[in-house]
Amino acid sequence: MDMDKLVSLCKRRGFLFQSSDIYGGLQGFWDYGPLGVELKRNIKEAWWRDMVTSHDELEPPVGAPSAYDMTGLDCTIIMHPQVWKCSGHYDLFHDFMVDCRESKKRYRHDQLRGRWAEYDGRRVFIACEGGGEEGLAQTHARALKLFNLRAKQAERIAWTGELISLTEIDALAQVLGPDAKAVGTLTDPREFNLMFKTIVGALGGEEDAAFLRPETAQGIFVNFKNVVDSTRVKIPFGIAQIGKSFRNEITPRNFTFRSREFEQMEIEFFCHPESSADWYRYWRDRRLRWYRELGLAEERLILREHEEHELSHYSNGTADIEYAFPFLPAGEFGELEGIAHRGDFDLRSHMEGKLDEKSRPLQVQLGEDGKPLHRGSGKDLTYRDEVSNDRYIPHVIEPSAGADRAALAFLCEAFSEDEAPDEKGKMQTRTVLKLHPRLAPIKAAMFPLVKKDGMPEKARALYRTLKQRWNVFYDEKGAVGRRYRRQDEAGTPFCITIDGQTLDDDTVTIRDRDSLKQWRCSLSDCEAELAERLR
Ligand code: GAP
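Positions within a chain are numbered from 1, following the residues in the order the chain's sequence is written. Only residues with pLDDT of 70 or above have their local features reported here, since the model is predicted, and side-chain atom pairs are shown and tallied only from 80 upward, although totals for entire chains, interfaces and linings are computed over all residues. As a rule here, side-chain values come from all non-hydrogen atoms in the structure, and water together with hydrogens is ignored.

Peer 1: If you had to explain the pattern of salt bridges to someone new, which residues and values would you point to?
Peer 2: We define a salt bridge as a contact between a side-chain nitrogen of Lys or Arg and a carboxyl oxygen of Asp or Glu at a distance within 4 Å. Going through the model one piece at a time under the given rule, you end up with 44 salt bridges. With a closest N to O distance of 3.3 Å, Glu489 and Arg13 form a salt bridge. Here Arg13 lies in the loop between α1 (3-12) and β1 (16-18) and Glu489 lies in helix α12 (residues 480-490), a separation of 476 residues in the sequence. Neither residue differs from the other here; Glu489 and Arg13 are each classed as buried. A salt bridge links Arg41 to Glu45; its shortest N-O distance comes to 3.8 Å. On the criterion of helical spacing, the pair formed by Arg41 and Glu45 is a turn pair, its members being four residues apart in helix α2 (residues 34-53). Taken together, the salt bridges that share partners define one network made up of Lys40, Lys44, Glu263 and Asp404. The numbering of helices and of strands both runs from the N terminus, where a helix is a DSSP run of H or I of at least 4 residues and a strand a run of E of at least 2. Here the term buried applies to any residue with accessible area under 20% of the maximum for its type, exposed to any over 50%, and partly exposed to those in between, with areas from a 1.4 Å probe on protein chains only.

Peer 1: Which residues make up the packing of α1 against helix α10 (residues 403-414), and what are the values?
Peer 2: An axis is simply a line fitted to the C-alpha atoms; with a helix, the fit covers only the stretch in contact. Between two such axes, the angle follows the N-to-C directions and lies from 0 to 180 degrees. Where α1 contacts α10, the two axes come as close as 11 Å, and the packing angle between them is 110 degrees. On the basis of their axis angle, the class for α1 and α10 is roughly perpendicular. In this structure, α1 meets α10 at a crossing whose hand is right-handed. Only Leu408, Leu411 and Cys412 of α10 make contact with α1, whose side of the interface consists of Met3, Leu6 and Cys10. In this count, Pro and Cys sit with the nonpolar residues alongside Ala, Val, Leu, Ile, Met, Phe, Trp and Tyr, while Asp, Glu, Lys and Arg are called charged and the others, Gly among them, polar. Taken together, the residues that form the contact of α1 with α10 break down as six nonpolar, no polar and no charged. For classification purposes, an angle smaller than 35 degrees is called roughly parallel, one larger than 145 roughly antiparallel, one from 65 to 115 roughly perpendicular, and anything else oblique. A crossing counts as left-handed when the near helix is turned anticlockwise from the far one by less than a right angle, and as right-handed when that turn is clockwise. Contacts are residue-level and defined by heavy atoms, with any inter-residue pair within 4.5 Å sufficient.

Peer 1: I'd like a rundown of the environment of Asp74, residues and numbers included.
Peer 2: Its place among the elements puts Asp74 in the loop between β3 (69-72) and α3 (81-87). Its relative accessible area of 66% is what places Asp74 among the exposed residues. Sequence-wise, Asp74 and Asp453 are 379 residues apart; in three dimensions their C-alpha atoms are separated by 52 Å. Here Asp74 is in contact with Gln241 and Ile242, once residues within four sequence places are set aside.

Peer 1: Let's hear about the site of the ligand: which residues, and what values?
Peer 2: Glu215, Ser259, Glu266, Glu335 and Leu336 are the nearest of the 19 residues found near the ligand. In protein, a polar contact requires one atom able to donate a hydrogen and another able to accept it; more generally it is a pair of N or O atoms within 3.5 Å, and residues adjacent in sequence count only if both atoms are side-chain atoms. Side-chain polar atom of Glu249 to a nitrogen atom of the ligand: 2.8 Å apart, as the coordinates give it. Gln264 has a polar side-chain atom sitting 3.0 Å from an oxygen atom of the ligand. Residue-level accessible areas treat just the shown protein chains as cover; the underlying method is Shrake-Rupley with a 1.4 Å probe. Protein coverage of the free-state accessible area of the ligand, which is 550 Å², stands at 88%. Secondary-structure elements contributing two or more residues to the shell around the ligand are β14 (261-271), β17 (334-343) and β22 (395-402). When at least one non-hydrogen atom of a residue lies within 4 Å of a molecule or strand, that residue is treated as near it.

Peer 1: Give me the sheet that holds strand β13 (residues 237-246): which residues, what numbers.
Peer 2: Strand pairing requires that DSSP identify at least two bridges connecting the strands. Taken in spatial order, the seven strands line up as β3-β13-β14-β22-β17-β16-β15 in an open sheet, and their pairing is mixed. Two strands bound the open sheet, and with one partner strand each, they are β3 and β15 (301-305). Strand-to-strand, the axes of this sheet are offset by a mean angle of 20 degrees, without reference to chain direction.

Peer 1: Any chance you could break down the pairing of strand β25 (residues 444-448) for me, citing the residues and the numbers?
Peer 2: One face of the sheet, then the other: side chains in a regular strand alternate in exactly this way. With respect to burial, β25 is a largely interior element, five of its five residues being buried. Neither face of β25 is exposed, since Ala444, Met446 and Pro448 on one face and Ala445 and Phe447 on the opposite face are all buried. Pairing analysis gives three bridges linking β25 to strand β26 (residues 472-474), with the strands arranged parallel. Of the residues in β26, the one forming a bridge with Met446 is Tyr474. Note on handedness: a crossover is taken as right-handed if, strands pointing away from the viewer, the path from the first strand over the helix to the second is clockwise. Traced from β25 through helix α11 (residues 455-467) to β26, the parallel crossover comes out right-handed. Two elements, β25 and strand β27 (residues 494-498), share five bridges in a ladder whose sense is parallel. Paired with Ala444 across the bridge in β27 is Phe494.

Peer 1: Lay out the nonpolar core with the relevant residues and their values.
Peer 2: In terms of nonpolar packing, the biggest core is built from 59 residues, with Trp283 and Tyr291 touching the most fellow members. Of the residues forming this core, the biggest block, nine residues, is contributed by α10. In contact with Trp283, other than residues within four places in its own chain, are Met51, Tyr68, Met70, Ile267, Phe269, Ile339, Ile397 and Pro399. Judged by nonpolar contacts, the second largest core, of 24 residues, contains Val98, Trp116, Phe125 and Ala143. To form a nonpolar core, buried Ala, Val, Leu, Ile, Met, Phe, Trp, Tyr and Cys residues must be joined to one another through side-chain atoms within 4.5 Å.

Peer 1: Run through helix α9 (residues 345-352), naming residues and quoting values.
Peer 2: Of all eight residues in α9, seven are buried, a share of seventy percent or more. Those residues of α9 that sit buried are Phe345, Asp346, Leu347, Arg348, Ser349, His350 and Met351. In the segment just after α9, Gly353 is the residue with positive phi, at about 125 degrees.

See the structure below:
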């Protein structure tokens, strides 16, 4: 799939715009237009409904170790600064970056790759931003330029090994940066905390500094006790939250994939330590199924279990659900969602003080004065089982998804071009978004075939009936073929045409976006027919 075509469709049809577009945009920030906002709301609603409100608390769902409760929460974006000290974000949530003194560009150290090239006694590490074939092509072209060679002299350059990460290179003086003409312009890697800082209060100073949350998860942990005390939930149970998160990403890129402001859909699932491994497997499989059920193709989705060395200190297992985004080199996948077994790290840290991630078993991290480096709340976050009287700190399984990444994956999957006849029966290329009906921004469009003979009146009456239930659209302008095309691009699954026959027998034509099949249905059955097909 051609990513440029999708990006241009998104702008042309009002799915996504660059934030502050008229001022030239702001890197890493995106706005959802009239169609995009409906798509994203539908994704969030599908997630909330499937995970929370329609969850059956009486029966164990397929693959679950037992029945469980689900509830929700909506926390503030700015929280007490101590939250981020105990969560580890204050000390640990950073990336390493390198700056280019020549191009003034900044890169994430771990995202640059390159290859050693040697010519005429000169050995240079040619760095690039892409991977795979694209990365190789970039390094070849840039080496020719650097050594002042023509394409037919390419074999004079001796290359060592495959593309490797810049993190493996110590000799930065021998590196040609991705946008530099001279060698040795990259600075040493520097740490950069990804949290956005702000000041609370009109008279506030540095001591009133707070952070915009980099994840919604911590708001759930710090409300664990409130939820247990104010509801009748019993372990095992989950708390879900959807909301904005902010990360000052060094290199926002790939359309909305890595943004600085984005929305997360997170569940913290609290369970007994003994059954936590079973719950981890349940959530991993359940979440993968959710993406498939909403239309992501099996061959473009993978579940990648983290290797031992990738796991966080406290994690007994983490898996990423990854999608073959079209902007990635062939064979590479990008993270859609992470499912992590977090043990009791978070509740203990908020109770006792930030734990030392290197300690075994985990212990509170101490400062030079021998006191906790970051003090916890001191509140009792243990849980007492009413039946067994057993008291313990629950373990947590965390399925953490990104609403914007999901929207991007669903758009990439849905984008397609095929052939369909125009009004004169001539085959034309058709751009269509084959979105799952639950996600489609507009569920159905109503067209009177012509603007006379009572057809608009019938079409408007149907529009008003259906509008009470779904986001439907009325269009009487232009040739009907053109109207179909516009709805295909918007991803509308059904178009309903009111024509001459409607006036005789009160039947309409329904057209299916994907198969292009058309069939007649009585006006009075339209709502039921759509309800059946929009599930
Ligand atoms: N509480 C765990 C946590 O936040 P994460 O892997 O850092 O884990 C979870 O983030 C999900 O949030 C990712 O899988 C991704 O979908 C989304 N996400 C993270 N950073 C993002 C960014 N800069 N832009 C868009 N989505 C992002």
